[in-house]
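Each chain, letter by letter, is given below.
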Amino acid sequence: MKINLLQPSQRRTDLFSEKTLRKLALLGDFTANEGGADDCDIIKAIEGAEIAITAWGNNMLTKEALDAAPDLKMIIHAGGSVKPIMCEEVWERGIRVVGSQKAIGMGVAETALGLTVSASKNIFALNDGLHNGVKWAEGKENIRELYELTVGVISGGWVGRHYIKLLSNFDVDILLYDPFVTEEACERMGCRKADLETLLSSSDIISVHAPSLPETYHMFNADTLKLMKKDAVLINTSRGSLIDEDALYDHMTAGNLKYACLDVFEKEPLSLDSKLRTVPNIILTPHLAGLSQNGRRRIGAHVAEEIERYLNGEDPLCEIKYEMLSRMA
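### As for the nonpolar core
Among the nonpolar cores identified, the biggest contains 53 residues, and Phe16, Leu24, Ile53, Tyr163, Ile205, Cys261 and Ile307 are the most heavily contacted of them. Looking at this core element by element, the count peaks at eight residues for helix H6 (residues 101-120). With residues near it in sequence (within four places) discarded, Phe16 still touches Leu5, Gln7, Leu21, Leu24, Ile53, Ala78, Gly300 and Val303. Counting 28 residues, the second-largest nonpolar core is a separate cluster that includes Leu196, Leu199, Leu242 and Ala247.

### Focus: the packing of H6 against helix H8 (residues 158-167)
The N-to-C vectors of H6 and H8 enclose an angle of 50°; their axes lie 8 Å apart at closest approach. On the basis of their axis angle, the class for H6 and H8 is oblique. When you trace H6 past H8, the crossing you get is right-handed. Residues Gln101, Lys102, Gly105, Met106, Val108, Ala109, Glu110, Ala112, Leu113 and Thr116 of H6 lie in contact with H8, whose contacting residues are Trp158, Val159, His162, Tyr163, Leu166 and Leu167. Here the contact of H6 with H8 is built from residues that sort into ten nonpolar, four polar and two charged.

### Things to note about the packing of helix H2 (residues 18-27) against helix H13 (residues 297-311)
The geometry of H2 relative to H13 is characterised by a closest axis approach of 9 Å and an angle of 15° between their N-to-C directions. Classified by the angle their axes make, H2 and H13 are roughly parallel. Here H2 runs over H13; the crossing is left-handed. Judged by residue contacts, Thr20, Lys23, Leu24 and Leu27 of H2 engage Gly300, Ala301, Ala304, Glu305, Ile307, Glu308 and Leu311 from H13. Partitioning the contact of H2 with H13 into residue classes produces six nonpolar, two polar and three charged.

Conventions adopted
Residues numbered from 1 in each chain as written. Predicted model: local features only at pLDDT ≥ 70, side-chain atom pairs only at ≥ 80, totals over all residues. Heavy atoms only, no water. Core = buried A, V, L, I, M, F, W, Y, C linked by side-chain atoms within 4.5 Å. Buried < 20%, exposed > 50% of the residue type's maximum accessible area, 1.4 Å probe, protein only. Helix = DSSP H or I, 4+ residues; strand = E, 2+ residues; numbered from the N terminus. Contact = heavy atoms within 4.5 Å. Axes fitted to C-alpha atoms, helices over the stretch in contact; angles between N-to-C directions. Parallel < 35°, antiparallel > 145°, perpendicular 65-115°, else oblique. Left-handed = near helix turned anticlockwise from the far one by under 90°. Nonpolar A, V, L, I, M, F, W, Y, C, P; charged D, E, K, R; others polar.

Okay, structure coming up:
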């Protein structure tokens with residue numbers, strides 16, 4: 001089967017190791033784009049493909065590009081959202097679409113877990129204290145183990161599910177808010193389904209993994225923040241639009257929340273004069289959760305694994321149906 005990688009050549013090594021490229025070559029008649037992202041380069045790169053691989057650096061596929069691959073059966077996107085890449089005609093032609101949510105989500109979930117442990121142990125304040133002359137024991141009374149705490153998870157997609165899996169190593173009670181996940185599915189994951197109000201008021205730690213949609217815009221606002229425990233921890237590694245940053249600033253400068261750990265923001269990069277920079281217990285990281293240098297190559301490996309599943313007659317793990325788009329970022 002003819003497998004064509006459409007990603008511009010200059011970005012290939014970000015995602016595809018030599019080991020993965022060798023595996024792709026063993027799976028079929030593999031060719032890679034030696035040009036850029038211009039339409040003419042993509043038409044040349046996709047010509048005759050039965051499986052096409054897109055990635056960061058690619059633009060939306062055009063009708064002309066699809067016409068150059070009349071036998072195209074599947075497109076796998078080695079990146080985040082498929083929406084900037086797949087035109088309506090992809091689905092109209094019956095071409096299967098596969099994403100990389102699983103591979104990207106693992107790194108994001110691991111980052112969320114790291115922030116969970118660090119915030120519970122009060123590591124951020126203790127580090128600042130030791131650098132600034134605070135006495136040895138000061139602040140140690142605020143240390144908490146991940147033991148007999150309640151952790152609330154917003155959204156049970158690939159990231160949320162992996163975060164829940166990681167939390168299974170700890171003796172914590174896990175609540176999940178996701179309108180699309182059943183109670184039975186929650187039980188299989190090892191968590192309990194909860195409505196948003198219950199999760200907010202009961203959780204010691206809340207980790208946000210929902211997509212950016214009109215329905216999730218400013219999910220955390222002046223009203224919902226008031227429902228949280230005064231000493232709770234809020235972690236957001238999903239999208240900045242889910243939190244009203246002005247409301248969060250007001251809420252925390254009034255003495256609420258132990259920490260807010262933010263990896264994403266409404267406007268990125270975060271402006272130098274952002275009020276969030278002035279609050280010491282708002283922990284800021286530069287949208288790094290899913291972008292570690294070595295972790296990116298997990299995405300390329302995932303692509304090869306999905307193609308192997310397809311060639312073996314199995315369904316890909318991360319197939320995206322058209323009807324799923326309305327609830328995806």
